[in-house]
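Chains, contacts and geometry: an overview
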Amino acid sequence: MPASPDLATALRAQAEGCLDTVPVTASSDPLRFASVASILPHRAPLQITDWSPEQRWSIRGEESFQGVPLIDGWTDDLAQVAKAARAWHDGAALKDIRQVAPFVHLTGRFEVPDNDPARLTESEWQGMLQQAADLETAWQATYQNLIEAAHAESALRALYPFTSQWVLRFSTTTRPDLTIVGPSLTTNDDTYGVGRGFITQDLGVFATAQEAVAVAVRRLPSGLGPVTLGTHS
């Protein structure tokens, strides 16, 4: 019985020639992983994963400075993966990648080639709003209410948002080196908590997201300047 081809070889075989001039790199586990670099320096190589025996493949396309995804997606059609990989390599706009490969999911973040921290902050907020809208959980509406209420408050919108275990927190620097500031915000079944630490609600539990956000704003330290770039260690 012939050996299974590595993922890079299988991808080329389904690409109908669209990857002939594109470097497809195998990983240390070539049967499962491959990557396709982009001509754009602010894009990291597109990561492609084979989820055999399910006959499904996933992609993840990150921006290179922070390592956060601009696109991702799942499909059972490897030829669609090849089309997405070619568009990622060629520097096609994110919406155009989705147009040529409809399985591609746009995370809501946008590209910031010059790593301007204000734009990276705005992009991260857009990604968080999109993530909240896309959730398929029983607490989706409650979580979306929290993210939207926090984004609507200018003092919080000026900070870089991030989550850990669905706890909303804020930073005065972008990824990759966050500088945490202010309280954390959490959701319960139908209430909202504010805390001084991680997954705490010691500053109160409130009926609405707006009430919780207002408490968080009052607890922010004074004199916060614009968000700056987090530096690689």
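Residues numbered from 1 in each chain as written. Predicted model: local features only at pLDDT ≥ 70, side-chain atom pairs only at ≥ 80, totals over all residues. Heavy atoms only, no water.

1. Comments concerning the overall build of the chain
The following threshold applies: Secondary structure elements follow DSSP: runs of H or I no shorter than four residues count as helices, runs of E no shorter than two count as strands, and numbering proceeds from the N terminus. Per-residue accessibility, obtained with a 1.4 Å probe over protein chains only, is compared with the maximum for each type, and a residue is labelled buried under 20%, exposed over 50%, and partly exposed between these values. For this analysis, residues touch if any pair of their heavy atoms sits within 4.5 Å. We score Asp and Glu as negative and Lys and Arg as positive, and we do not count His or the chain ends. Charge coordinates come from a single atom per side chain, which is NZ of Lys, CZ of Arg, CG of Asp or CD of Glu.
In terms of regular secondary structure, the chain is built from 7 helices and 11 strands. Judged by the C-alpha coordinates and their principal axes, the chain covers about 65 × 35 × 30 Å. Taking all 233 residues of the chain together, 44% fall into the buried category. Look at the contacts in the chain between residues 6 or more apart in sequence, and 46% of them connect residues 24 or more apart. Taking the average location of the 17 positive side-chain charges in the chain and that of its 27 negative ones, the two points are 4 Å from each other.

2. Let's talk about the packing of aromatic side chains
The geometry of two aromatic rings is summed up by the distance between their centres and the angle between their planes. Cut-off, in case you're wondering: Note on aromatic pairs: the rings of Phe, Tyr and Trp (six-membered ring only in Trp) are paired at centre separations within 6.5 Å, and the planes decide the class, stacked below 30 degrees, edge-to-face beyond 60, tilted for the rest.
According to the stated counting rule, one finds 5 aromatic pairs in the structure shown. Their ring planes at 35° and their centres at 5.2 Å tell us that Trp51 and Trp74 sit as a pair that is tilted. With a gap of 23 residues between them, Trp51 in the loop between strand E3 (46–50) and strand E4 (57–62) and Trp74 in strand E5 (residues 69–75) connect regions that are remote in the sequence. Judged by relative accessible area, which is 30%, Trp51 ranks as partly exposed. When the ring of Trp139 is compared with that of Trp166, the centres are 5.2 Å apart and the planes differ by 65°; the resulting orientation is edge-to-face. With Trp139 in the loop between helix H4 (117–134) and helix H5 (140–152) and Trp166 in the loop between strand E7 (160–164) and strand E8 (167–171), the pair connects residues that are 27 residues apart, well separated along the chain.

3. Notes on the nonpolar core
Filter applied, for reference: For this analysis, a nonpolar core means a set of buried residues of the types Ala, Val, Leu, Ile, Met, Phe, Trp, Tyr and Cys, connected via side-chain atoms within 4.5 Å.
Counting 28 residues, the largest nonpolar core has Ile48 and Ile59 as the members making the most contacts within it. Of all elements in the fold, only helix H1 (7–13), strand E2 (33–36), E3, E4, E5, helix H2 (78–90) and helix H3 (94–100) reach the threshold of two or more residues within this core. At 7 residues, H2 tops the list of elements feeding residues into this core. Residues in contact with Ile48, not counting those within four places in the same chain, are Leu7, Leu11, Arg32, Phe33, Ala34, Val36, Ser58, Ile59, Val81 and Ala85.

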